[in-house]
Amino acid sequence: MTDSLAMVTIGAVIAASAPLVFASIGETLTERAGVVNLSLDGTILLTAMTGFAVAFSSGSLALGFLAAMAVGAVVAFIVAYGSIALGQNQTALGFVLTLLCADMSSFIGNPYVRKPGPSVPHMPIPGLVSIPFLGPVLFNQDAVVYLSYLVIIVSWLWVSRTQPGLRLRGVGERPEAAHARGVAVQRTRYLYTVLGGALVGLAGATYSLSVKLGWSHGHTTGIGWIALAIVIFGGWHPLRVAFGAYLFGALKSLGSLMQPAFPDVPTQVFQAAPFALMILALLLVSGDFTERLLFYLPPRGRRLFNALLRGTPPAALGKPFRPD
Amino acid sequence: MNASRSSLNKVTLALLPVFIALLFTFLVLLIAGANPLAAYGNILAGAFESPRKLADVAVACVPLLLCSAGGLITYAAGLWNIGIEGQMIAGALATTWLINALPLPSYGLLPLSVVAGLVGGALWGLLAGVLRTFGQVNEIFAGLGLNFVAAALTNYLIFGPWKPPDGATMSGTDPFPQAAWMPTLPQARLSPVALILALAAIGAVYVLLRGTHWGLKLKAIGLNPQAARRLGADTTRNMLLAFAVCGALAGLAGSLQATAVYRRLIPQISGGYGYLSLLVILLSGSRAEWVPVVVFFFSVIQVGSPRLELRLQLDSSLGGILQASVALFFLLTRGLRERFGEKKG
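Residues numbered from 1 in each chain as written. Chains lettered and ligands numbered in written order. Predicted model: local features only at pLDDT ≥ 70, side-chain atom pairs only at ≥ 80, totals over all residues.

A. Region of the structure containing the overall build of chain B. Counting its regular elements, chain B contains 14 helices and zero strands. Whereas a compact globule of 345 residues would reach a radius of gyration of roughly 20 Å, chain B reaches 21 Å, a difference of no more than 12%. Over its C-alpha atoms, taken along the principal directions, chain B stretches across nearly 70 × 60 × 35 Å. Counting all 345 residues of chain B, 54% fall into the buried class. In chain B, of all internal contacts separated by at least 6 residues, the share reaching a separation of at least 24 is 78%. (Helix = DSSP H or I, 4+ residues; strand = E, 2+ residues; numbered from the N terminus. Rg over C-alpha atoms; globule rule 2.2 N^0.38 Å. Buried ≥ 20, exposed ≤ 12 C-beta atoms within 10 Å, placed from the backbone. Contact = placed C-beta atoms within 7 Å.)

Dropping the structure here:
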């Protein structure tokens, strides 16, 4: 059986986007509870290093992933404790942790730089893999990629269709009302911040053990900020956030595919492109002028555009809650 | 007796985050299998062992003072200006462009290079400001994205239009003509002019935020933009102005790094000072009078930690761990004090 180039490419994009899916969905859950964990860029670096170093030293991939998730959860807990219990500014805490985690990844990870190490084995799912087109694209991957599908579906159903998901949304939108109905606002915020942090840790380990194998200084620099922007781009909705992660992954591999075809374009354009794109995407979803542009669309197009691209942040995002 | 005891308490409280950070890095060093005391000793020796090293500490103070001075202005307006790094780069780029374009004698070139740095940084800062005020893009994402764009632009220029005739390298462009060298002390990289400009900047920002109408207006906007607008402050215009002034000071820092320290454009011209300045602002409690103290402390670490690589084969990022963990424990201990202090009182 030979797969067409298109199928191989799409399959590769899906695999390469798995860490972004984990990180941006994790942050989506955190922000739906009203907490911003700004530390993603540093956390992903630190957990990519942790995952690789632990798997390398212990020989166990599972231990590597668990250690990375634990580290991600601890960093997120510091953000939660510092802001919820100690009343400190979330942005400041997240930013300080970004720098701290990035430097820790460089310092502790120094002995592991460019060492060949373990990686998650390829694991086609028998049966499913022979479905035409979808099989080779979706089910000819490794276990971590399958887990990313699961995370998307479960987080979406959880947020939009379950009782705990309803409470989560309440805590992020109207904490006072949620509190009045007996929801433990602070505990919910801790829970989803730590859970989101564990997913961010999973993203880090997925980089070093499945997508961009191994460890080097600044291995994943910039990705955490992209993940944070994708949460906004996806309007805090798990499915749209996942779509944003795949879209970004697709554009990025399109860039690297196009690079050899345009030797005259300096490589730096391709380095800067993701970040220029990030700004443009945010401009598109949050700028006022989009409203004005929408005015010229037919009503049906306007509704489609709104459903796909406009989103409002959880009303209590980043705001401390003090029950009196 | 009582008074001296309470001032002793104050000093202990102020130094508490430093002690905890030292304990924390102690643990990190143990994890990395290194001797913590030797590491601390080397950092201190690296910063103080010779007059030249001490001058280097002052050299590191210059960009940090300038970026912190600028950052205080945007911070007062309630903006988390993460784009200082890119504004610094933009200043260095504008200065390099001017030096390449104008073959003037130094008495003309040096003042103009400073102006170019101010303008370049201000424009880059304004870009983030316009995205924030007219595009509703949060300044964190606008600034950060622009940092990456500025860094890529620098690499493009060094490896493209501005590459040395005998091939581009990571060490940067060819050195500037001597007319563009900011004069320095003999045997040192310290430029007295740069240091004076940096100290003047932090002094000016102190006065600005304490005693001027604009400073008060910025603080009002920072505390409550809606209320400030209702009271007649043009928030958009003032935020843009804050971005521009902060960018100008950061741009000056980048310009001086190019003309006084490296005497060329290098790929990492901003050296992380923009990000560090945000930590300085946090640690100083966003009070200009405390900024020089924190800046000196940070600069000692900055100059001392590369010695870890030479002597102990450790990565110099330990310095960054120290700086960031002091900031983290500052926030956490302040929070603990506020929380448990309240109950007592």
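B. Highlighting the overall build of chain A. Summing up its helical and strand segments, chain A has 14 helices and zero strands in all. Along the chain direction, N to C, the helices and strands of chain A fall in the order α-α-α-α-α-α-α-α-α-α-α-α-α-α. Whereas a compact globule of 324 residues would reach a radius of gyration of roughly 20 Å, chain A reaches 20 Å, a difference of no more than 12%. The principal-axis extents of the C-alpha atoms in chain A amount to approximately 60 × 55 × 45 Å. For chain A, with 324 residues in total, the buried portion stands at 48%. Partitioning the contacts of chain A with sequence separation of at least 6, the portion at a separation of at least 24 is 79%.

C. Quick peek at the confidence of the model for chain B. When pLDDT is averaged along chain B, the result is 93, and 97% of the positions lie at 70 or above. Among the scores for the predicted complex, ipTM is 0.94 and pTM is 0.94. (pLDDT = per-residue confidence, 0-100.)

D. Structural detail: helix α9 (residues 185-211) of chain A. Residues and elements named next belong to chain A. Between its first and last C-alpha, α9 extends 37 Å over 27 residues, near the 39 Å set by a 1.5 Å rise per residue. At Ala205, α9 shows its maximal kink, close to 30 degrees. With respect to burial, α9 is a largely interior element, 22 of its 27 residues being buried. (Expected span 1.5 Å × (residues − 1). Bend = angle between axes of the 7 residues up to and from the residue.)

E. How the structure looks around the interface of chain B and chain A. With 38 residues of chain B at the contact, the number on the chain A side is 35 residues. Contributions of two or more residues to the side of chain B that touches chain A are made by α1 (2-31), α6 (139-159), α11 (273-283) and α14 (318-344) of chain B. Tallying contributions element by element places α14(B) first for the side of chain B that touches chain A, with 14 residues. When its residues are assigned to classes, the side of chain B that touches chain A shows 25 nonpolar, nine polar and four charged. (Nonpolar A, V, L, I, M, F, W, Y, C, P; charged D, E, K, R; others polar.)

F. Inspection of the packing of helix α2 (residues 40-58) of chain A against helix α3 (residues 61-85) of chain A at higher detail. Residues and elements named next belong to chain A. Look at α2 against α3: their axes get within 7 Å of each other, and the N-to-C directions meet at 150 degrees. By the angle class used here, α2 and α3 are roughly antiparallel. Considering how the two elements wind past one another, α2 and α3 form a crossing that is right-handed. For the pair α2 and α3, contact is made by Thr43, Leu46, Thr47, Thr50, Gly51, Phe52, Val54, Ala55 and Ser58 and by Leu61, Leu63, Gly64, Phe65, Ala67, Ala68, Val71, Gly72 and Val75, respectively. For the contact of α2 with α3, the residue count by class is eleven nonpolar, seven polar and no charged. (Axes fitted to C-alpha atoms, helices over the stretch in contact; angles between N-to-C directions. Parallel < 35°, antiparallel > 145°, perpendicular 65-115°, else oblique. Left-handed = near helix turned anticlockwise from the far one by under 90°.)

G. How the structure looks around the nonpolar core. If you look at the biggest cluster of nonpolar residues, it comprises 218 residues, and the most contacted ones within it are Val96(A), Ala229(A), Leu65(B) and Leu66(B). For this core, the element with the highest residue contribution is helix α10 (residues 235-262) of chain B, accounting for 16 residues. Look past the residues within four positions of Leu65(B) in its chain and what remains in contact with it is Ala198(B), Leu199(B), Ala201(B), Ile202(B), Val291(B), Pro292(B) and Val295(B). (Core = buried A, V, L, I, M, F, W, Y, C linked by C-beta atoms within 7 Å.)

H. Spotlight on unusual backbone geometry. For Gln187(B), which is not glycine, the phi torsion reads 65 degrees and is therefore positive. In this model, Gln313(B) sits at a positive phi of 55 degrees, which is unusual for a non-glycine residue.

I. Just helix α4 (residues 84-101) of chain B, in detail. For α4(B), built from 18 residues, the straight-helix expectation of 26 Å at 1.5 Å per residue is met to within 8% by its first-to-last C-alpha distance of 26 Å. For α4(B), a buried count of 15 out of 18 residues is recorded, marking the element as mostly surrounded by other parts of the structure.

J. Local environment of the environment of Thr91(A). Inspection of the secondary structure assignment puts Thr91(A) in helix α4 (residues 90-109). The spacing of Thr91(A) and His179(A) is 88 residues in sequence and 24 Å in space, taken between C-alpha atoms.

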